[in-house]
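# Close look at the chain arrangement
Listed below, chain by chain, are the residues.
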Amino acid sequence: MALGTGKKSAQQYFVSCVSVDQLWATDEEASGGDRQQSGKRKRKEYVARRMAVVVWHVLEKKLANSGWMPIPQGIPNCPPGLEYLTAVDQLLVHQQVELLEAFTGFETANKYEIKNTFGQKVYWAVEDTGCCNRMCCGTARAFDIKVLDNFQNEVLHFRRDLRCQSCCFPCCLQKLEVSSPPGTVIGTVEQKWTLLRPEFNIKDQHGDTVLIIRGPCCQCSLCGDVKFLVLSKDGTEVGKVTKQWTGFVQEHFTDADNFGINFPMDLDVRVKATMLGALFLIDYMYFESNDKKKINRRGLL
């Protein structure tokens, strides 16, 4: 039975199962080969329907306990899987703490949970990189991040090539490409050349700048949040990307970070998705610290 079947349909199945069971019992008592064959067919139908009801209830309970955000329906001109973004103006991104990485300093592929303000899961993001790339290139590494929905479908793809991020190399600054569905570019995040405050241009699929992200001069998280403002082209603040303080232990011994991102509710979903990509780029550039891993390695010696 499809997941979209309602409780009314399930009740109808129960009623149907009972009636089929009664018919089967009547035919079982009756004599004659035809009735016996008819009873067997009805019994098979009864078993199939009963199994459908059981499966439906198991799946219904699983979805209810999974804590996933329901999918908004009837959204026109929206890439598949991005319907969730039409119903939110804030997302929370929680990087998973990897015990192997915390105790040994060995860099593992990052994993993230993306939730709405009600704590419901919206997406699951996974870094797709090689071990040598992570260990040799560190936070400057090229990466692919796959963003998956509740059904494990890849709905977003973030790609970052190996580039510079220093103001000494203005011709080869950071850039992240956002695709949805994978292979179809819907936006890019491009670092601007600046001396003090980090800035990024949020561009649409046509290469036009639609938003600007401007960070603070100091990106250190000293017992407080670090905020990157999201500005319109005329300089009006329309949102922000916030690196949240997670406590001394997690901040000092791991690179697992928590982020929040705010944007207008009516913003195009493609731009929202590109802003989400900017959040990951900011995390890798400023908060994936190699110093924490060095501390962990020294502690094991």
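Conventions used here
- For every chain, the first residue of its written sequence is number 1, and the numbers climb from 1 along that sequence.
- Residue-level local features of this predicted model are given only where pLDDT is at least 70; pairs of side-chain atoms are given and counted only at 80 or more, and the full residue set underlies all totals for whole chains, interfaces and linings.
- Side-chain figures throughout are based on the complete set of non-hydrogen atoms in the structure, without hydrogens or water.
- Strands are runs of DSSP state E lasting at least two residues, helices are runs of H or I lasting at least four, and both sets are numbered from the N terminus onward.
- Only protein chains enter the calculation, and the probe is 1.4 Å; a residue is then buried if its accessible area is under 20% of its type maximum, exposed if over 50%, and partly exposed in between.
- The Shrake-Rupley method, run with a 1.4 Å probe sphere, supplies the accessible areas, and residue values consider only the shown protein chains as cover.
- As a per-residue measure, pLDDT tells how confident the predictor is, with possible values from 0 to 100.
- Contacts are residue-level and defined by heavy atoms, with any inter-residue pair within 4.5 Å sufficient.
- Counted as salt bridges are all cases of a side-chain nitrogen of Lys or Arg within 4 Å of a carboxyl oxygen of Asp or Glu.
- Note on pairing: DSSP must find at least two bridges between two strands before they are called paired.
- Every angle, taken between N-to-C directions, lies between 0 and 180 degrees, and every axis is a line fitted to C-alpha atoms, over only the stretch in contact when it is a helix.

### A few points about the overall build of the protein chain
Across its full length, the protein chain holds seven helices and twelve strands. Counting every position in the protein chain, which comprises 301 residues, the buried fraction comes to 42%. Summed over its atoms, the accessible surface of the protein chain is roughly 15700 Å², and 56% of this surface lies on carbon and sulfur atoms.

### Let's talk about the confidence of the model for the protein chain
Looking at the protein chain as a whole, the pLDDT averages 78, with 65% of positions reaching at least 70. Below a pLDDT of 50 lies the segment residues 1–21, which in the model reaches 30 contacts outside its immediate sequence neighbourhood of four places, other chains included. Scored below 50 in pLDDT, residues 292–301 makes 23 contacts in the model with residues more than four places away or belonging to other chains.

### Quick word on the pattern of salt bridges
Under the definition given, this model contains eleven salt bridges. Residues lysine 121 and glutamate 113 are paired through a salt bridge, measuring 3.8 Å at the closest nitrogen-oxygen approach. The buried category is assigned to glutamate 113, whose relative accessible area is 16%. The closest approach of N and O atoms between lysine 146 and aspartate 128, which form a salt bridge, is 3.7 Å.

### Description of the sheet that holds strand β3 (residues 121–128)
Spatial strand order, β1-β2-β3-β4-β5-β6-β7-β8-β9-β10-β11-β12: twelve strands in a closed barrel with antiparallel pairing. Shown here is a sheet whose adjacent strand axes are inclined to one another by a mean of 20°, direction ignored. For strand β10 (residues 226–231) and strand β11 (residues 237–244), the ladder comprises six bridges, and the chain directions are antiparallel. Note on β11: the bridge partner recorded for lysine 227 is threonine 242. The strands touched by helix α6 (residues 269–287) within the sheet are β1 (90–95), β2 (111–115), β3, β4 (143–148), β5 (154–160), β6 (175–179), β7 (185–191), β8 (199–204), β9 (209–214), β10, β11 and β12 (258–262), with β7 carrying the most contacts at an inclination of about 35°.

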